[in-house]
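# Residue-level structural notes
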Amino acid sequence: MVTLSRKFSTTAVPNPKLSQPQPQNTTTTQFFIPFSQLQQRKPLESRLVSILDGCTHLTQIKQVHAHILRKGLDQCCYCLTKLIRMLTKLDVPVHSYPRIVFHQVKYPNPFLWTALIRGYAVQGPFLESVVLYNRMRSEGTGPVSFTFSALFKACGAVLDVGLGRQIHAQKILIGGFASDLFVGNTMIDMYVKCGFLECARKVFDEMPMRNVVSWTELIVAYAKSGDMGSAWELFRGLPVKDMVAWTAMVTGYAQNGKPREALECFERMQDAGVKTDEVTLVGVISACALLGATKYGNWVRGVAESYGFGPTENVVVGSALIDMYSKCGIVEDAYNIFEGMKERNVYSYSSMIVGFAMHGRAHAAMQLFHEMLKTEIRPNKVTFIGVLTACSHVGLVEQGQQLFVTMENCFGVAPSANHYACMVDLLGRAGRLEEALELIETMPIEPHEGVWGALLGACRIHGNPDIAQIAANHLFELEPNDIGNYILLSNIYASARRWDDVSRLRKLVREKGLKKNPGCSWVESKEGVIHEFYAGDMTHPQYAEIKRALADLLDRLKAKGYQPNLGSVTYDISDDEKKLILMNHSEKLALAYGLLNTESTDAGCTIQIMKNLRICEDCHAFMCSASQVTGREIVVRDNMRFHHFRDGACSCDNFW
């Protein structure tokens, strides 16, 4: 482990290389230059530094270096510091050319030392920068603010908080850097990268001066850690909120599953007159996708076009809009965006392929994949997630297996655990549970919860409690507090009438104190207002009307042969109680609201429902019948895929 030399922590030590007795002012004596010559050299040095700053190739730097040597400036730290910094910028290895330049200087000043230290901090090996710092101190040279900034950068790069704390102590002991803004900001960055957010906050709180970088670094750190409360507190205290700070909040809310807050924040940003860029737009578009809010999505698209980031011209925003419209249930609009893009990349193709897949349009996904292969764009991991998901959702087992083999052999994309999860889902849904289990057991990488979850879900479809138990045991280790795995296994046991196992699992859930996430569905009104419904929820202002509309719809469905699927309720209660629970499922409440709040002129329009959990078998059958009786297309997005109910049938062909 590299540490700072203690004996050099506070005082400079004479140069050990200078063993011969030397006069007190050696440097001055050996390098005395008359004032008139200095006046002539300064403009030359400044001109050479300016020329170096404009160099873009190594050959140009070597030409300037030759000029420096011819002019007798081979010991000029000012010029050589810039030379080394430019070599680092062009990725010239520090240990070669820059180090040779450095060693030819007899008395390097702090800035020249720092240029070399910074080179190692940027390129690595990072710990070499600390070794150089120790040597600099041993030779009697004190650090400057840029020295500490480079060292903190190196510590952050190798995630060595212990070494970072030693350098922090050096900064305090040497003194003179407490009010240095640049040093303070790099300290915050180092502690954040090392995962010590509390230390970063302490540095921030003790800084006598801060700028927008100081605030934004911490805001982003809090957002990444999921603490949006602290991020908002800091943001509110920021005196001048620029585009970067606003973007940090918008993307933070979106990435932490708070799409409403992301949209509200973006709206405030627009009201404040702050300009936006494609990063902000992608963040807020992803929030619209999470919420399934088409009205907001259309508004954001208009904002994007007003700033010159329309999907036709901007591939990043275009790809995000494809994803958004797909997740809002309007895959046709997503494809229109795709078709209108002047430039497409792997992300736009992948977003469209995944969009087709989640809507059950496997053949469209496969066709687009083959069209992509005819271009120069190569598929990536997300592309293969899309095509494998498409195969899984419609049962194209052989095609999926062929793609899985070719993705690495032909395209150099090594299968990840997510790809294996797709394959397990593909085999499992097709009823090939033993084959799916064998695939998991022979994986070259460790299976994650998604892999075992796919197998457990397949066991529910095909009623195999024995393999379900194997999958669940692994999930209980990987996700001990995820109640969903316990509930799913309990449902499988209940379907197999293994009531003792059901009682055992329920007892285990009670002992662990686990709580079930309530089923939640939401719909967007014509005005763009999101209306949420929870299972059994009676708080909606229109609840009485919703209840009557639902009862009326149920009577119409029963007349057409619908009967509640009581097996969707696993509680040991009476049939009447089961029917009551089923009729209060959140997606049924959302459907009744949607039917109530569309005028007669809207007859035939699509009702779109978003749901946080997988749709149950009874609700699936209910939606099929409702689409036939009402003449409406009903689109339900659950946590697995989209279901398009039309004329009594679902796009998934009951394969979900």
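Residues numbered from 1 in each chain as written. Predicted model: local features only at pLDDT ≥ 70, side-chain atom pairs only at ≥ 80, totals over all residues. Heavy atoms only, no water.

## What about the overall build of the chain?
- A count of helices and strands for the chain gives 33 helices and six strands.
- Dimensions along the principal axes, computed over C-alpha positions, put the chain at roughly 110 × 55 × 50 Å.
- Burial status across the chain gives 49% buried among its 656 residues.
- Put simply, of all contacts in the chain between residues at least 6 apart along the chain, 65% involve residues at least 24 apart. (Helix = DSSP H or I, 4+ residues; strand = E, 2+ residues; numbered from the N terminus. Buried < 20%, exposed > 50% of the residue type's maximum accessible area, 1.4 Å probe, protein only. Contact = heavy atoms within 4.5 Å.)

## Regarding the sheet that holds strand β1 (residues 520–524)
- One open sheet holds the six strands; their spatial order is β2-β1-β3-β4-β5-β6, and the pairing between them is mixed. Both outer strands of the open sheet, β2 (530–534) and β6 (649–650), are each paired with one neighbouring strand and no more. (Pairing = 2+ DSSP bridges.)

## What about the UniProt feature "repeat: PPR" (unreviewed entry) in the chain?
- The UniProt record marks residues 109–143, 180–214, 242–276, 314–344 and 345–379 with the feature "repeat: PPR" (unreviewed entry), using the residue numbering of this structure.
- A helix fraction of 74% and a strand fraction of 0% characterise residues 109–143, whose end C-alpha atoms lie 9 Å from each other.
- Along residues 345–379 one finds 71% helix and 0% strand; the C-alpha atoms at either end are 10 Å apart. (UniProt positions renumbered as here; feature names shortened; annotations may be inferred.)

## Examining the state of the cysteines
- Across all of its chains, the model carries zero disulfides by this definition.
- Of the cysteine sulfurs around Cys55, a residue in no disulfide, the closest is that of Cys79, at 12 Å.
- What makes Cys55 buried here is its relative accessible area of 7%.
- Its sulfur unpaired, Cys624 is 5.5 Å from the next cysteine sulfur, which belongs to Cys650. (Disulfide = S-S within 2.5 Å.)

## Considering helix α28 (residues 483–495)
- Its 13 residues give α28 an end-to-end C-alpha distance of 18 Å, which sits within 8% of 18 Å, the value for a rise of 1.5 Å per residue.
- Along α28, the residues classified as buried are Ile483, Asn485, Tyr486, Leu488, Leu489, Ser490, Ile492, Tyr493 and Ala494.
- Elements in contact with the buried residues of α28: α26 (449–462), α27 (465–478) and α29 (499–512).
- Two or three places before Gly484, at the start of α28, stands the capping residue Asp482, its side-chain oxygen 2.9 Å from that residue's backbone nitrogen.
- Directly beyond the C-terminal end of α28, a positive phi value near 60° is found at Arg497. (Expected span 1.5 Å × (residues − 1). Polar contact = N/O pair within 3.5 Å; in protein donor to acceptor, adjacent residues only side chain to side chain.)

## Overview of the confidence of the model for the chain
- Confidence along the chain averages 86 in pLDDT terms, with 92% of residues attaining 70 or more.
- No element of the chain has a lower mean pLDDT than helix α1 (residues 26–30), at 39, and none a higher one than helix α25 (residues 433–441), at 96. (pLDDT = per-residue confidence, 0-100.)

## Brief notes about the environment of Ile285
- Within the secondary structure, Ile285 is located in helix α16 (residues 278–291).
- Of the residues examined, Ile285 reaches a relative accessible area of 1% and is grouped as buried.
- Counting along the chain gives 252 residues from Ile285 to Asp537, while the straight-line C-alpha distance between them is 30 Å.
- Ignoring sequence-local partners within four residues, the contact set of Ile285 consists of Val300, Val317, Ala320, Leu321 and Met324.

## Structural notes on the side chain of Thr294
- Note that Thr294 resides in helix α17 (residues 294–306).
- Classification of Thr294 by relative accessible area gives buried; the value is 14%.
- Apart from the residues within four sequence positions on either side, Thr294 is in contact with Cys328, Ile330 and Glu524.

## What to know about the packing of α26 against α28
- Contact pair α26 / α28: the axes reach a minimum separation of 9 Å and the direction vectors enclose 25°. Here α26 is positioned roughly parallel relative to α28, judged by the angle of their axes. Between α26 and α28 lies a crossing whose hand is left-handed. Here α26 contributes Leu456, Gly457, Cys459 and Arg460 to the contact with α28, which in turn contributes Asn485, Leu488 and Ile492.
- A class-by-class count of the residues in the contact of α26 with α28 yields four nonpolar, two polar and one charged. (Axes fitted to C-alpha atoms, helices over the stretch in contact; angles between N-to-C directions. Parallel < 35°, antiparallel > 145°, perpendicular 65-115°, else oblique. Left-handed = near helix turned anticlockwise from the far one by under 90°. Nonpolar A, V, L, I, M, F, W, Y, C, P; charged D, E, K, R; others polar.)

## Re a nonpolar patch on the surface
- Taken together, the side chains of Phe111, Phe146 and Phe182 define a hydrophobic patch exposed on the protein surface, amounting to about 310 Å² of accessible area.
- Given the relative accessible area of 43%, Phe182 is considered partly exposed. (Patch = residues over 30% accessible without salt bridge, like charges linked within 9 Å, V, L, I, M, F, W, Y side chains within 5 Å. Areas by Shrake-Rupley, 256 points an atom, 1.4 Å probe, with all protein chains shown as cover. Salt bridge = Lys/Arg side-chain N within 4 Å of Asp/Glu carboxyl O.)

## Some details on the pattern of salt bridges
- According to the stated counting rule, one finds 23 salt bridges in the structure shown.
- A salt bridge links Glu532 to Arg260; the nearest nitrogen and oxygen atoms lie 3.7 Å apart. In this pair, Glu532 is assigned in strand β2 and Arg260 in helix α15 (residues 259–271), connecting sequence segments 272 residues apart.

## Remarks on the side chain of His644
- Positionally, His644 belongs in strand β5 (residues 642–646).
- By relative accessible area, which is 11% here, His644 ends up buried.
- A polar atom in the side chain of His644 sits 2.6 Å from the side chain of His359.
- If we ignore the near neighbours within four places in the chain, the residues touching His644 are Gly329, His359, Glu633, Ile634, Val635, Ala649, Cys650 and Ser651.

## Let's talk about the packing of aromatic side chains
- Counted by the stated rule, this structure contains 17 aromatic pairs.
- Judged by centre distance (6.0 Å) and plane angle (20°), the ring pair of Tyr335 and Phe338 falls under stacked. Separated by three residues within a single helix, Tyr335 and Phe338 lie in helix α19 (residues 331–340), roughly one turn from each other.
- Centroid distance Phe338 to Tyr349: 5.1 Å. Interplanar angle 75°. Geometry classified as edge-to-face. Here the residue Phe338 occupies a position in helix α19, and Tyr349 occupies one in helix α20 (residues 346–358), the gap between them amounting to eleven residues. Tyr349 matches Phe338 in its accessibility class, with the two residues each being buried.
- Taken together, the aromatic side chains of Tyr335, Phe338, Tyr349 and Phe356 make up a single cluster linked through ring pairs.
- Over the aromatic face of Phe235 sits the side chain of Lys241, whose NZ or CZ is 5.3 Å from the ring centroid. (Phe/Tyr/Trp six-rings, centres within 6.5 Å; stacked < 30°, edge-to-face > 60°. Lys NZ or Arg CZ within 6 Å of the ring centre and 35° of its normal.)

## Things to note about the domain arrangement of the chain
- Domain boundaries in the chain define domain 1 (42–90), domain 2 (108–206), domain 3 (211–343), domain 4 (415–517) and domain 5 (520–650).
- Residue-level contacts link 14 residues of domain 3 with twelve residues of domain 5.
- Summed over both sides, the interface of domain 3 with domain 5 buries roughly 970 Å², with 44% coming from carbon and sulfur.
- Linking domain 3 with domain 5 are six residue pairs in polar contact (both at pLDDT 80 or more).
- For the side of domain 3 that touches domain 5, the elements supplying multiple residues, two or more each, are α16, α17 and α18 (315–327).
- Class assignment of the residues belonging to the side of domain 3 that touches domain 5 gives a composition of seven nonpolar, four polar and three charged. (Domains from an automatic or database assignment. Buried area = accessible area lost by both parts, 1.4 Å probe.)

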